[in-house]
Every structure is written in structure tokens, then in C-alpha cells.
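Now for the letters of each chain:
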Amino acid sequence: MAHGQSTPHPRQPDQPEWTSRGHPFERYANMPNGKRNDQHESAETDSLLARNGGRKPSAEVLTAHSVVAFFVILFMGFSLFMHFTNCPLYPWTMKNVRKGWENEVGSHELLRQNWTMQEYEHTLLEESWKRQAQWHEKEKERKEREEEQHQEQVRKAWEAEAERHRQALEERNRRETERMDSQRRKWQREIDEHDRLVEERRRREEEERQKLNMFWGQVESHQCTTYATREYTALLMNLPTTWEHRVEACKATALEIHGVSYLPKTCEDKGPGVVLGRWEINQNEPDCATFWNWYKDKGCTSQQSGKRRIEHYLENLPHGGDWKEFCATTPASFRGMHFIGAQECFQYNQGTYGHWEIDDSSC
């Protein structure tokens with residue numbers, strides 16, 4: 001290598017190639033202006049051509065750009081118009097605002113006048129209602145006074161009517177009481193007179209009967225009619241055929257049986273001079289006294305019935321006597337209870353039996 005000759009600086013492996021020639025911006029800055037602009041336009045054109053494939057923009061793209069630009073301009077114009085229109089600093093806006101306020105003031109004034117008119121009408125209506133209320137109150141008081149007066153008149157009329165009715169009722173009761181007292185006195189006089197006549201006739205008949213010496217003859221005892229009772233009959237003797245009070249004489253003449261005097265139970269008028277008397281004597285008649293024997297407990301009538309059946313046999317039944325009558329009238333006593341006769345009667349093998357059904361909780 002010769003002395004004084006510059007030796008090229010060796011390029012580093014990682015250093016770009018343009019570093020040895022200087023930075024592209026440094027070269028661009030050192031260019032003249034005319035050449036720099038030409039080169040810049042050439043570079044932009046080259047880049048657009050490179051992106052568009054080296055072709056110019058089409059008509060559709062230009063139209064779309066124009067439409068977008070038109071709408072942008074239209075939007076900006078509308079915004080400016082609205083701004084200037086609504087801005088309170090502009091006179092026409094202030095005028096519109098004042099006009100709106102004046103309209104609102106007028107509306108409020110009309111509304112106030114309407115409210116004032118309504119308030120006045122309400123005041124008139126309230127005064128009318130007050131006058132009507134006062135009139136109704138006075139009318140109510142007047143009607144109440146009239147009603148009270150009417151009620152007082154009706155009450156007085158009712159009291160007068162009630163007093164007249166009470167007096168009339170008292171007078172009617174007094175007259176009715178007097179009439180009833182008079183009628184009772186009359187009836188009592190009639191009863192006394194009747195009793196006097198009966199007693200007088202009985203006395204005369206008794207005197208006549210004693211004079212005639214009437215007595216009972218042909219006394220006969222008959223069969224037993226019921227428990228411990230026998231029938232007797234007799235004819236009234238010394239009875240004149242012309243005697244009119246034959247039955248009365250029969251009823252007044254006593255017959256002595258077993259040492260005791262008895263008046264006849266019935267008297268039968270058999271014709272002139274014949275009167276038959278009948279007696280039923282229930283004392284000192286042992287042959288007519290039946291009794292129960294052969295007590296037998298027949299058990300419960302049925303389950304849960306609460307009843308038990310008791311059976312007895314009737315002893316000493318008179319010959320020819322009515323077995324049903326004697327069964328029903330012969331008293332019985334058992335289990336601390338007393339019965340005047342059997343509850344049910346029946347005959348079996350010419351014997352008479354009585355049945356009783358008594359309460360028994362064990363059944």
C-alpha cells in the first residue's frame with residue numbers, strides 16, 4: 001500500500017451497505033432544491049404506482065370520494081347553521097326567546113285569569129251551598145218542631161183513647177162481674193133448691209120405705225168375677241107395684257154381707273114391684289183369692305235388650321172364672337218389686353201363666 005493513499009475502511013459484517021455511502025437522508029439533504037423536489041415527486045409517484053399496480057384511480061373511486069366530501073360539507077354547514085341559530089348571543093335568537101317568553105307570560109296570564117274566575121265561581125258556589133245548608137238546617141228544625149208537635153198530639157190522643165178504653169173495659173168487667181155473680185147466686189139458689197128437694201124426697205121415701213118395711217130377700221152368691229171379688233144379687237122385698245121410685249129405693253137400701261152393710265153397685269128394674277140389686281164384694285172372699293206360684297227366670301229376652309222375662313203359674317183359679325181377668329188382677333211381688341197383675345197372660349195344658357219383663361242391666 002502506497003503512503004498517502006487512503007486505505008478503505010473495512011465494512012463490518014453487521015453494518016448496512018448504505019452506511020459506507022452515507023445515510024439516504026443526508027444525501028437527500030445535500031441535493032439541490034429543484035432536484036430534491038423532482039426526486040420527491042418521483043418517489044411519491046413511484047410509491048402510488050407501486051401500490052396501485054402502476055395504474056391511475058378509477059371513476060368509481062373518484063365518485064365515492066366526491067359523495068363523501070359532499071356529505072361532510074353538508075354536515076358542517078348544518079352544524080354551523082344550528083350553532084348560529086341557537087346561540088343566545090345573536091339578535092334573532094334573542095328575539096325568538098323573548099317572543100317565546102311573551103307567549104308563556106300570556107298563557108300564564110290567561111291561566112291566572114281562568115284560575116281567578118274559577119276561584120270566584122267556587123266562592124259563589126260555596127256561598128250558595130252555605131245558604132242552602134242554612135236553609136236546610138232551618139227547614140230541618142221546623143220539620144222537627146212540627147214532628148214533635150204532631151207526636152205530642154198523637155201521644156195525647158192515644159192517652160185519651162187508652163183512658164177511654166180502660167174505663168170502658170173496667171165498666172164492662174164490672175158489669176160482667178156483676179152478671180156472673182148474679183148468675184152464680186142464681187145457680188147456687190137452684191142447687192140449694194135442688195138439694196133441698198132431693199133431700200126432702202129422700203126423707204119422704206125413707207119414711208115411706210120404713211113404713212113399708214122394705215128389705216133384701218133371696219140373696220144369692222155367684223161366681224168370682226175378679227181377684228178376691230164375688231158377685232151377689234138380691235130382690236127388694238115389700239115393694240109396692242105402684243111405687244114410682246123403685247130404683248131410688250134399691251140404691252138407698254143396704255144389704256149386710258159377712259157382717260158388713262153394702263149398698264148395691266147396680267139396680268135393675270125388672271118391672272112393677274120387682275127390682276134386682278147387684279153387689280161385688282172384695283172382702284172376706286178367700287175362695288176368689290188367686291195367687292202366683294212356681295217362680296221361673298226365663299232369662300234375657302234378647303242380647304243387649306236390657307230386659308229379663310219372669311214367669312209365674314196362677315194358683316187357686318175359681319171354677320168358671322175368667323182366667324184373663326184373674327191373671328191381670330192378681331198382684332205379684334218379686335225381686336223387690338210389686339205388680340198389680342201380670343203383663344202378659346197365656347194358658348198351657350189347662351194352666352194359666354203370667355209373664356213379666358223387667359229391666360236388667362246384665363242383659
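Criteria and thresholds
Residues numbered from 1 in each chain as written. Predicted model: local features only at pLDDT ≥ 70, side-chain atom pairs only at ≥ 80, totals over all residues. Heavy atoms only, no water. Pairing = 2+ DSSP bridges. Helix = DSSP H or I, 4+ residues; strand = E, 2+ residues; numbered from the N terminus. Axes fitted to C-alpha atoms, helices over the stretch in contact; angles between N-to-C directions. Buried < 20%, exposed > 50% of the residue type's maximum accessible area, 1.4 Å probe, protein only. Polar contact = N/O pair within 3.5 Å; in protein donor to acceptor, adjacent residues only side chain to side chain. Contact = heavy atoms within 4.5 Å. Patch = residues over 30% accessible without salt bridge, like charges linked within 9 Å, V, L, I, M, F, W, Y side chains within 5 Å. Areas by Shrake-Rupley, 256 points an atom, 1.4 Å probe, with all protein chains shown as cover. Salt bridge = Lys/Arg side-chain N within 4 Å of Asp/Glu carboxyl O. Lys, Arg positive; Asp, Glu negative; His and termini not counted. Charge placed at Lys NZ, Arg CZ, Asp CG, Glu CD. Disulfide = S-S within 2.5 Å.

A.B. asks: Can you walk me through the sheet that holds strand 1 (residues 215–226) in this structure?
C.D. replies: Strands sit in the order 1-2-6-5 across an open sheet of four strands; the sheet is antiparallel. Two strands close off the open sheet at either side, each with one partner strand: strand 1 and strand 5 (266–271). Neighbour to neighbour, the strand axes of the sheet diverge by 20° on average, direction disregarded. Relative to strand 6 (residues 274–281), strand 5 runs antiparallel, the two being bridged by five bridges. Residue Gly-271 lies in a different strand from strand 6, and its bridge partner there is Val-274.

A.B. asks: What's the story with the sheet that holds strand 11 (residues 344–348) in this structure? I'm lost.
C.D. replies: Consider a sheet: its strands pair through backbone hydrogen bonds, and that pairing is either parallel or antiparallel. The strand order across the open sheet built from four strands is 7-8-12-11, with neighbouring strands paired in antiparallel fashion. Taken across any chain shown, the strands that pair with only one partner, and hence form the sheet edges, are strand 7 (291–300) and strand 11. Across the sheet, the axes of successive neighbouring strands diverge by a mean angle of 30°, strand direction being ignored. With seven bridges joining them, strand 7 and strand 8 (residues 307–315) adopt antiparallel strand pairing. Paired with Phe-291 across the strands is Glu-315, a residue of strand 8.

A.B. asks: Help me understand the side chain of Arg-246 in this model?
C.D. replies: Here Arg-246 shows up in helix 5 (residues 246–252). The class for Arg-246 is buried, based on a relative accessible area of 16%. Engagement of the side chain of Arg-246 in a polar contact is seen with the side chain of Asp-269, the distance being 3.0 Å. Each residue touching Arg-246, except ones within four places of it in the same chain, is listed here: Leu-236, Leu-239, Thr-241, Asp-269, Gly-271, Pro-272, Gly-273 and Val-275.

A.B. asks: Honestly, unusual backbone geometry in this entry has me stumped. Any pointers?
C.D. replies: Most peptide bonds take the trans form, and the phi angle of most residues other than glycine is negative. The backbone phi angle of Gln-218 is positive, close to 55°, even though this residue is not glycine. Looking at the secondary structure, you find Gln-218 in strand 1. Despite not being glycine, Ala-228 shows a phi value in the positive range, around 60°. As for its position among the elements, Ala-228 is in the loop between strand 1 and strand 2 (229–237).

A.B. asks: I tried to follow a negative patch on the surface on my own but got confused; where do I start?
C.D. replies: Together, Glu-137, Glu-141, Glu-144, Glu-147 and Glu-148 give the surface a local cluster of negative charge. Note on placement: Glu-141 falls in helix 4 (residues 91–212). For Glu-141, a relative accessible area of 36% translates into the label partly exposed.

A.B. asks: Help me understand the state of the cysteines in this model?
C.D. replies: Disulfides are covalent bonds that connect the sulfur atoms of two cysteines. Scanning the entire structure with this criterion turns up four disulfides. Between the sulfur atoms of Cys-224 and its disulfide partner Cys-288 the distance amounts to 1.6 Å. The chirality of the disulfide connecting Cys-224 with Cys-288 is left-handed, given an S-S dihedral of about -75°. Pair noted here: Cys-224 is in strand 1 and Cys-288 is in the loop between strand 6 and strand 7, with a separation of 64 residues, a long-range link. With relative accessibility at 5%, the residue Cys-224 sits in the buried group. For Cys-288, a relative accessible area of 0% corresponds to the buried category.

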